[in-house]
Amino acid sequence: MKQKYLNFIRGVSINKTGKTGVVLATSSFVAMIFLELLRVAGVLTNAYIGLITYLLLPTLFVIGLVFIPFGWMQYRRESGKSTKELLAKQFTDEELEKNRIGSTLVRTVLIFTMANVLFLSIASMRMLSFMDEAEFCGTACHSVMGPEWATYQVSPHSRVACVSCHVGEGVGALIDSKLNGTWQMISVTFDLLERPIPTPVHQLRPARETCEKCHWPEKFYGSKIKSIVHYDSDEASTPKYSTLVLKVDSGEEVGKAGIHWHIDKSNVVRYASIEDEREEMLWVELKQENGTFKRFTNRKHTDIKYEFDDERTMDCVDCHNRATHIYENPKDAVDKRIRKGLIDKSLPFIKREAYAAITSSFTTPDVANQIIQNRIISFYRDNYPDLLGTKGASIDKAISILQNVYNTNVHYGMNVDWGVYPNFLGHQNGGGCFRCHNIDLIDEAGTPIKNDCTMCHSILANDSPQPFTYLKDATNENRDSVMHEYLKDEFLEYSTQ
Ligand code: HEC
Ligand code: HEC
Ligand code: HEC
Ligand code: HEC
Ligand code: HEC
């Protein structure tokens, strides 16, 4: 049996071209099996080797197979012999002898062809599933997806595959994404890509097909206490507290709506924005009970015309645009590390210096890491030389934490500096919720979209010395005592509903 196949292989490799084909096909086949075994065994996880296993080797394999008949054609032309003569030269009479189901040779060719088709189908299935792995999406074009991969790995969705949000389900989505991916490969190869990658991502699948596959919109989210600490730039890095009771739930009753009012099926909000950037609204429309839409027009932009295509119905991503790729702002990033105890708060001026260190340059990671280290060390050496000895370990740790903050959030190669990607979840710098909940978007009667401070959250402290300042009794000397009492009553009323 073995001899038969060896004879066959020898027979088909008629000249140099044919031999090259056989060698190419066989060696890529063996290499692919070998790499696949290593991957299955968990030894290999690298995305580039995946590209070799599932893209390069199968391509070489097919080229090898094509070479074989090509070699035959070439040989026939050069030698002037007929196919019959060549067959007789390369194979034994026994192999060529015909019986009811063709000659041994025909059968061998059929078996080989079937095996090849099977092998290639398995390879392409493996390729499709491999390309769906986050590891591939995040690292195959390393420099390009660097920012998204870095932020993804430390996000609440680090166990969710990129394709669960970016591709969605169904054959249509799959084909779309492969076409899109092919275009992306071309644009990476020829450097046609915009850096940073622009947002909003217009071709993101609708939230209904992605987020809602895992998150149930009507779920009772209740409310959520969020306590935020900001540290001052003074020597002690004094903490200031903001405590919010976020009214996350959708709230069934009229007038008691919470933030997820927006995703209740009966509430529809659509809008058009300047340049379709979703940042500056031209108008916002709210579906009424009778099915018509009530429009709020931006009185600052009544002169701008919009394209009808640019209209968008609001979904999860209009607030959770940073559900996964959460780029921090540098102040909050430092505050969070101090609060977690990763950066030692007892180091004098640590908040001020840490912030300055990570924002002082925009350059390659190596240079930036050096700058961060030099800046922190020289500050303490010049001002608190004793600390280099007594708190040396804390200072070193702070440096490595800050380098890590920088490397996760800032990506020089992709032009991703601090603040390139806005976060819509709150109202930083008047964006986010305030894109719509502001006094400029007004209906025909001149009434704006609701925007009072306690609609989305009760406020228990607002940059206050204590986390629950407004729950305490207001003292008479307190200039803010009216607001203080108001916020306290609002919260008590809200929480005793
Ligand atoms: C939980 C859902 C989710 C997962 C998982 C996810 N993304 Fe995203 N991605 C988003 C959303 C939402 C946006 C922002 C869309 C917008 O602003 O319009 C986005 C934006 C992007 C962008 C545009 C640039 C940017 O940073 O905003 C890229 C590139 C990207 N994702 C790549 C990836 C890669 C690679 C992975 C896997 C390693 C991944 N995504 C995983 C939801 C997800
Ligand atoms: C494949 C399932 C899956 C998909 C798709 C998905 N999520 Fe999630 N999401 C999760 C899981 C699981 C968690 C909980 C993670 C944890 O608590 O560690 C989560 C957590 C969250 C959280 C809470 C984050 C926090 O800080 O605790 C938000 C907000 C969220 N997802 C929004 C979204 C949005 C928006 C989308 C669509 C763009 C989406 N998710 C798509 C599975 C998914
Ligand atoms: C109007 C803006 C908005 C929309 C639209 C929205 N969310 Fe949220 N969502 C929020 C805010 C604000 C929070 C609270 C954020 C926080 O915890 O810091 C939140 C919290 C969450 C949480 C975490 C709840 C918890 O208990 O920690 C999940 C999960 C979530 N949203 C999923 C979704 C999904 C899925 C959709 C779309 C079906 C969606 N959200 C649409 C604003 C929105
Ligand atoms: C694209 C515009 C838009 C954005 C962005 C937006 N909203 Fe809204 N929201 C509306 C409109 C319109 C209404 C209906 C308000 C009304 O009836 O006056 C509404 C209603 C609400 C309500 C219910 C109010 C009530 O009592 O009826 C809450 C709570 C809310 N939004 C919270 C948020 C939060 C939190 C964010 C940001 C994370 C946000 N919204 C972002 C347009 C928006
Ligand atoms: C449309 C809903 C909405 C309205 C109106 C609103 N907020 Fe907020 N606010 C939010 C959300 C959402 C967050 C972000 C919570 C988070 O970090 O997840 C936030 C965050 C905050 C924070 C914490 C910011 C930080 O990081 O330190 C403060 C303080 C605050 N709001 C005060 C106010 C005040 C004062 C007003 C009235 C002028 C107001 N908010 C109106 C939704 C709203």
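Residues numbered from 1 in each chain as written. Chains lettered and ligands numbered in written order. Predicted model: local features only at pLDDT ≥ 70, side-chain atom pairs only at ≥ 80, totals over all residues.

Enquirer: Can you lay out the site of ligand 5 for me, pointing to particular residues and giving the numbers?
Expert: Ligand 5 sits among 17 residues. The nearest are Gly426, Cys433, His437, Cys453 and Cys456. Elements with a minimum of two residues in the shell around ligand 5: β1 (224-231), β2 (239-246) and β8 (457-464). Residue classes in the shell around ligand 5 are distributed as 9 nonpolar, 7 polar and 1 charged. (Near = placed C-beta within 6 Å. Helix = DSSP H or I, 4+ residues; strand = E, 2+ residues; numbered from the N terminus. Nonpolar A, V, L, I, M, F, W, Y, C, P; charged D, E, K, R; others polar.)

Enquirer: Lay out the domain arrangement of the protein with the relevant residues and their values.
Expert: What the domain assignment lists for the protein is domain 1 (2-131), domain 2 (135-198), domain 3 (224-323 + 424-495) and domain 4 (330-414). Averaged C-alpha coordinates put domain 1 and domain 2 at centres separated by 34 Å. On the side of domain 2, 4 residues touch domain 1, which itself brings 6 residues to the contact. Those elements that provide at least two residues to the side of domain 1 that touches domain 2 are α3 (47-79) and α6 (104-131). If one sorts the elements of the side of domain 1 that touches domain 2 by residue count, α3 sits on top with 3 residues. Classifying every residue of the side of domain 1 that touches domain 2 gives 4 nonpolar, 2 polar and no charged. (Domains from an automatic or database assignment. Contact = placed C-beta atoms within 7 Å.)

Enquirer: Mind laying out the site of ligand 3, listing which residues take part and the relevant values?
Expert: Around ligand 3, the structure places 21 residues, and the nearest of them are Cys211, His215, His262, Cys316 and Cys319. The set of elements that each furnish at least two residues to the shell around ligand 3 consists of α11 (211-214) and β1. Along the lines of polarity and charge, the residues of the shell around ligand 3 split into 12 nonpolar, 4 polar and 5 charged.

Enquirer: Tell me what's going on with the nonpolar core, and back it up with residues and numbers.
Expert: Ranked by internal contacts, the top residues of the largest apolar core, which has 24 residues, are Ala354, Ile358, Ile372, Ile376, Ala398, Leu402 and Tyr406. Taken together, the elements giving at least two residues each to this core come down to α12 (330-339), α13 (350-359), α14 (365-383) and α16 (392-409). Counting residues in each nonpolar core, the second largest holds 11 residues, with Ala25, Phe61, Phe67 and Ile68 among its members. (Core = buried A, V, L, I, M, F, W, Y, C linked by C-beta atoms within 7 Å. Buried ≥ 20, exposed ≤ 12 C-beta atoms within 10 Å, placed from the backbone.)

Enquirer: Let's hear about the sheet that holds β1: which residues, and what values?
Expert: Read from one edge of the open sheet, 3 strands run β1-β2-β8, paired in antiparallel fashion. The outermost strands of the open sheet, each flanked by one partner alone, are β1 and β8. With direction set aside, neighbouring strand axes in the sheet form an average angle of 10 degrees. Here 8 bridges tie β1 to β2, and the two strands are oriented antiparallel to one another. By the bridge assignment, isoleucine 225 is partnered in β2 with valine 245. Those strands touched by helix α17 (residues 481-495) are β2 and β8, and its axis lies near 145 degrees from that of β8. (Pairing = 2+ DSSP bridges. Axes fitted to C-alpha atoms, helices over the stretch in contact; angles between N-to-C directions.)

Enquirer: Explain the confidence of the model for the protein to me, and be specific about the residues and the numbers.
Expert: In the predicted model, the protein carries a mean pLDDT of 89, and 97% of its residues have values of at least 70. Element-level pLDDT for the protein is lowest in helix α10 (residues 171-189), with a mean of 72, against a maximum mean of 98 in α13. (pLDDT = per-residue confidence, 0-100.)

Enquirer: Could you give an account of the sheet that holds strand β7 (residues 441-442), with specific residues and numbers?
Expert: By way of backbone hydrogen bonds, the strands of a sheet pair with one another, either parallel or antiparallel. Taking strand neighbours across the sheet as the criterion, the 5 strands line up as β6-β3-β4-β5-β7 in an open arrangement whose pairing is antiparallel. Lying at the two open borders of the sheet, with one neighbouring strand each, are β6 (312-313) and β7. Relative to strand β4 (residues 281-287), strand β3 (residues 269-273) runs antiparallel, the two being bridged by 5 bridges. Within β4, the residue paired with serine 273 across the bridge is methionine 281.

Enquirer: So what about α6? Which residues, and what values?
Expert: The terminal C-alpha atoms of α6 lie 40 Å apart, and with 28 residues this matches the ideal 40 Å at 1.5 Å per residue to within 8%. Check the buried side of α6 and you find it contacts α1 (2-12), α5 (93-96) and α7 (134-139). (Expected span 1.5 Å × (residues − 1).)

Enquirer: So what's going on with the packing of helix α2 (residues 16-40) against α3? Residues and values would help.
Expert: Between two packed helices, what matters for the description is the angle formed by their axes and the separation of those axes. At their nearest, the axes of α2 and α3 sit 7 Å apart, and the two run at 160 degrees to each other. One way to sum up the angle between α2 and α3 is to call them roughly antiparallel. In this structure, the crossing between α2 and α3 has a hand that is left-handed. In terms of residue class, the contact of α2 with α3 is built from 18 nonpolar, 9 polar and 2 charged. (Parallel < 35°, antiparallel > 145°, perpendicular 65-115°, else oblique. Left-handed = near helix turned anticlockwise from the far one by under 90°.)

Enquirer: Just give me the short version of the packing of α13 against α16, but keep the residues and values in it.
Expert: Following both chains from N to C, one finds α13 and α16 inclined at 45 degrees, their axes separated by 10 Å at the closest point. The angle between the axes of α13 and α16 places the two elements in the oblique class. For the pair α13 and α16, the sense of crossing is right-handed. For the pair α13 and α16, contact is made by Ile350, Ala354, Ala357 and Ile358 and by Ala398, Leu402, Val405 and Tyr406, respectively.

Enquirer: For α16, give the residues involved together with the corresponding values.
Expert: Here α16 contains 18 residues, and its C-alpha end-to-end distance of 26 Å stays within 8% of the 26 Å for a straight helix at 1.5 Å per residue. Among all positions in α16, only Ile395, Ala398, Ile399, Ile401, Leu402, Gln403, Val405, Tyr406 and Asn409 are buried. Buried residues along α16 sit against α12, α13, α14 and α15 (385-390).

Enquirer: Describe unusual backbone geometry, with residues and values.
Expert: Following arginine 195, the chain continues to proline 196 via a peptide bond in cis, the omega torsion being -5 degrees. Looking along the chain, the bond that leaves threonine 199 and enters proline 200 is cis, with omega of 0 degrees. Relative to the elements of secondary structure, proline 200 occurs in the loop between α10 and α11. Positioned with a positive phi, aspartate 276 is a non-glycine residue whose angle comes to about 60 degrees. Relative to the elements of secondary structure, aspartate 276 occurs in the loop between β3 and β4.

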